[in-house]
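Here is how the chains run, residue by residue.
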Amino acid sequence: MRSIADRFVVVLDANVLYSFRVRDALLRFAEIGLFRARWSPTIIDEWRRSLLARRPELTASIDAQIAAIARAFPEGNVEGGEALIASLALPDPDDRHVLATAIRAGAEHIVTENLKDFPDEALRPFGITAVTADDFLASSFELYPSDALRAMVRMRRDYANPPFSPGAFVADLQAKGLPKLASLLKGSIDLL
């Protein structure tokens, strides 16, 4: 992982890890140093349980992915937030562990698809904001266009089954819930 300035810390909620394409884009941006990705054992367990509830036959694959992520991001796992949970208030009490992880990690953002469960007024005292994966990836792309584009080129080329043309890759990102990132990539499609 290379370092770009003083990379900020971001907690990835289980729901942005769920979709393979979204998870892959986020982790590729983290891998090249556009931000420091963090999660907790509880977040990883929630992601795992959600995937297995729909696809129990993928147990070995999911466990292998979790192990690969742990190897690639040994600093990603944040522990010790449990003591904060009882003191936190969120619309869904089951999401307090995510905020506790963000506080413990010193995160600037929680990347989540459940913005309503992380209202600004609850996060503001901790200097944290909640943002969707698409908004976060698009903002990261705008901040570091050449680095982000390189990550997306590599991501597209790594997909061999099926392989994606640049146009098909952009369409796939849009279909998988990343329309803002896809729109930015359209402007560089000849480089993709």
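To start, this report covers the structure provided alongside it. (Residues numbered from 1 in each chain as written. Predicted model: local features only at pLDDT ≥ 70, side-chain atom pairs only at ≥ 80, totals over all residues. Heavy atoms only, no water.)

## Thoughts on the nonpolar core
Among soluble globular proteins, nonpolar side chains are generally buried collectively. Inclusion rule: Residues grouped as a nonpolar core are buried Ala, Val, Leu, Ile, Met, Phe, Trp, Tyr and Cys residues, joined through side-chain atoms within 4.5 Å. Think of it in three bands: residues with accessible area under 20% of the maximum for their type are buried, residues over 50% are exposed, and the middle band is partly exposed, with areas taken using a 1.4 Å probe on protein chains only. Whether two residues touch is decided by their heavy atoms; if any such pair falls within 4.5 Å, the residues are in contact.
Grouped together as the largest cluster of nonpolar side chains are 64 residues, with contacts concentrated most on Leu-12, Leu-26, Phe-29, Phe-35, Met-152 and Leu-185. Once residues within four sequence positions are removed from consideration, Leu-12 is found in contact with Leu-17, Leu-26, Leu-27, Phe-35, Ala-37, Arg-38, Trp-39, Ile-43 and Val-111.

## Quick notes on helix 3 (residues 41–54)
Our working definition: By definition, any uninterrupted DSSP run of H or I lasting at least four residues is a helix, any uninterrupted run of E lasting at least two residues is a strand, and each is numbered from the N terminus. One less than the number of residues in a helix, times 1.5 Å, gives the span that helix is expected to have. Read the arc as the range of directions from the helix axis to the C-beta atoms.
Over its 14 residues, helix 3 runs 20 Å from end to end, which matches the ideal 20 Å to within 8%, given 1.5 Å per residue. Every buried residue of helix 3 is accounted for by Ile-43, Ile-44, Trp-47, Leu-51 and Leu-52. Considered in projection along helix 3, the buried side chains sweep an arc of 160° and stay on one side of the axis. On its buried face, helix 3 sits against strand 1 (9–12), helix 1 (14–18), helix 2 (20–31), helix 4 (59–72) and helix 5 (96–105).

## A look at the pairing of strand 1
Put simply, the rule reads: One bridge is not enough; two strands pair if DSSP finds at least two bridges between them.
Every second residue of strand 1 is oriented toward a common face, with Val-9 and Val-11 on one face and Val-10 and Leu-12 on the other, all of them buried. Bridge analysis of strand 1 against strand 3 (residues 109–111) gives three bridges, and the strand direction is parallel. For Val-10, the partnering residue across the bridge sits in strand 3 and is His-109.

## Thoughts on the environment of Ala-175
Its location among the elements puts Ala-175 in helix 9 (residues 166–175). Note: C-alpha distance between Ala-175 and Ser-140 (35 residues apart in sequence) is 20 Å.

## Examining empty space enclosed by the protein
Summary: where empty space remains is shown by rolling a probe the size of a single water molecule over the atoms. Inclusion rule: Throughout, the protein atoms alone are placed on a 1 Å grid, and a set of points is a cavity if a 1.4 Å probe fits but cannot get out or a pocket if it is open with protein on both sides within 12 Å along at least five of seven lines; lining residues have an atom within 4 Å of a point. Grid points are joined across faces, edges and corners, and a volume is the space filled by probe spheres set on the points.
In total, this model carries one cavity of 30 Å³ or more according to the counting rule given. Taken as a whole, the largest cavity encloses approximately 70 Å³ of empty space. Lining the largest cavity are Ser-40, Thr-42, Val-78, Gly-80, Gly-81, Glu-82, Ile-85, His-97, Ala-100 and Thr-101. The biggest single contributor to the lining of the largest cavity is helix 5, with three residues.

## Overview of the pattern of salt bridges
So the rule is basically this: Salt bridges are defined as contacts in which a side-chain nitrogen from Lys or Arg sits within 4 Å of a carboxyl oxygen from Asp or Glu.
For the coordinates displayed, the defined rule picks out 11 salt bridges. Of the charged contacts, one joins Asp-158 and Arg-28 as a salt bridge, the two residues approaching to 3.0 Å between their closest N and O atoms. Residue Asp-158 is found in helix 8 (residues 145–158), and its partner Arg-28 is found in helix 2; the two are separated by 130 residues along the sequence. The salt bridge involving Glu-31 is made with Arg-154; its shortest N-O contact spans 3.8 Å.

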